[in-house]
Structure formats: structure tokens, C-alpha cells
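Take a look at the letters that make up each chain.
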Amino acid sequence: MRRMVLSILVDNTSGVLSRVAGLFSRRGYNIDSLTVGETQDPAYSRMTVAVTGDNHILEQIEKQLRKLEDVKEITELKDFESVCRELVLVKVDAGKEERESVISIANIFRAKIVDVAETSLMVELTGNQAKIDAFIHLLEGYTILELVRTGVTGLGRGSGDISDYID
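Numbers given to residues run from 1 along each chain, matching the order in which its sequence is written. Totals for whole chains, interfaces and linings use all residues, but because this is a predicted model, local features are given only for residues with pLDDT of at least 70 and pairs of side-chain atoms are given and counted only at 80 or more. Excluding hydrogens and water, the side-chain figures rest on all heavy atoms present in the structure.

Description of helix 3 (residues 96-108)
Helical periodicity: at 3.6 residues per turn, an α-helix aligns residues three or four positions apart in one direction.
Move 1: Burial classes: relative accessible area under 20% of the type maximum marks a residue as buried, over 50% as exposed, and values in between as partly exposed (1.4 Å probe, protein chains only). Labels follow the DSSP assignment, with helices taken as runs of H or I lasting at least four residues and strands as runs of E lasting at least two, numbered in each case from the N terminus. By the burial criterion, the buried members of helix 3 are Arg99, Val102, Ile105 and Ala106. Taken around the axis of helix 3, the buried residues stretch over an arc of 135 degrees, which confines them to a single face. For helix 3, exposure combined with an orientation more than 90 degrees from the buried face picks out Glu97, Glu100, Asn107 and Ile108.
Move 2: Here, two residues are considered to be in contact whenever any of their heavy atoms come within 4.5 Å of each other. Against the buried residues of helix 3 lie strand 5 (82-93), strand 6 (112-116), strand 7 (120-127) and helix 4 (129-138).
Move 3: Downstream of helix 3 by one or two residues, Arg110 has phi in the positive range, about 60 degrees. Working definition: the arc comes from the directions between the helix axis and the C-beta atoms, pointing outward to the latter.

Written out as C-alpha cells, the structure reads:
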């Protein structure tokens, strides 16, 4: 089993997300992470999809995605050829006793404290999946009140741009 991150350039039209997600559900494939957003050209959106499977399944996913009319280009975001990031917001129960140690952990990871209440802190962290996982692991000694992750998003390195893929 291996993990693959796909950057999918699609037409920015209604129903595209549903068609892509439907392809996965019809074939019984699981999506580990999915992020979608408009590109610099409002006619197109970029989907970043992380999936796990054996080589045959991953190959089938890519082939099936290429068949969709709305899909303009698919690029695998490989580790050393791309930059991938994720955002996490974590609300931690942190009274006077815990506050400094939570802030210290946040500082080690270059995270930002984005909200402070009497008994809690909210921390924002951006990084690769391993960094996010390590941060959350260090916070396991505290009470995490709420946590949300955006999912992976990324772009290929270098000077290529969206115009390389569209008519």
C-alpha cells in the first residue's frame, strides 16, 4: 500500500466535486484527504486528493479520473517534486498551569496562538502531514477540546503554471 497525492485541474462548474467524489464512491475507493479551491483563473479549480492503495488501485483511480469530461489535467505530487501543506486548528484546554507549556510546544513548531480564552488556547499550524501529526501527538498529554484539519493541498515545484494544461 502506498499513498498518492493528486493535483487535479478541473473546470470550475457546478457538480464537478460531486462527479469526482462519485467516481470514488462507485468504485469503493476511499479518499484520505480532499481540498478544492478556485485557481488564479476563475474558470478552473484545483482539487488535491490524497488516496492510499496498491499500485493497481492507484493506477485505476488515475485512469478513471482522466475519463471525466471536467478534468483538464492530473499531476501526481511526488515528495521531492512538489510542496504539500496542511493546516490544523487545535483548541486546547489550558488553564493557568498548562498555558505556558502549550505555548512552548506551539513555539517549537512555529505555530500561532490565534485565540486565547480564560481556560483555553486555539493554535494554528501549517506544515506537512508529519509535522502536523507530531504536533498533535505532543498535545495528547493535554485535553484537546476541538481539532480540525484542512487536508493536504500542494503544487508542483518549478515555474510551470496553469497555462501549461489548458487550451
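Section: unusual backbone geometry
Move 1: Its identity is not glycine, yet Arg110 carries a phi of approximately 60 degrees, on the positive side.
Move 2: Relative to the helices and strands, Arg110 resides in the loop between helix 3 and strand 6.
Move 3: Arg110 sits in the exposed class, given a relative accessible area of 74%.

Let's talk about the nonpolar core
Move 1: By nonpolar core is meant a set of buried Ala, Val, Leu, Ile, Met, Phe, Trp, Tyr and Cys residues that side-chain atoms within 4.5 Å join together. Counting residues in hydrophobic clusters, the biggest one holds 17 residues, and the most contacted among them are Ile8, Phe24 and Leu65.
Move 2: Counting only elements with at least two residues in this core, the list comes to strand 1 (2-11), helix 1 (16-27), strand 3 (44-53), helix 2 (55-67) and strand 4 (71-76).
Move 3: Setting aside residues up to four positions removed in sequence, Phe24 forms contacts with Tyr29, Asn30, Ile31, Val49, Val51, Ile61 and Leu65.
Move 4: Within the second largest apolar cluster, 16 residues are counted, among which are Val90, Phe109, Leu125 and Ile132.

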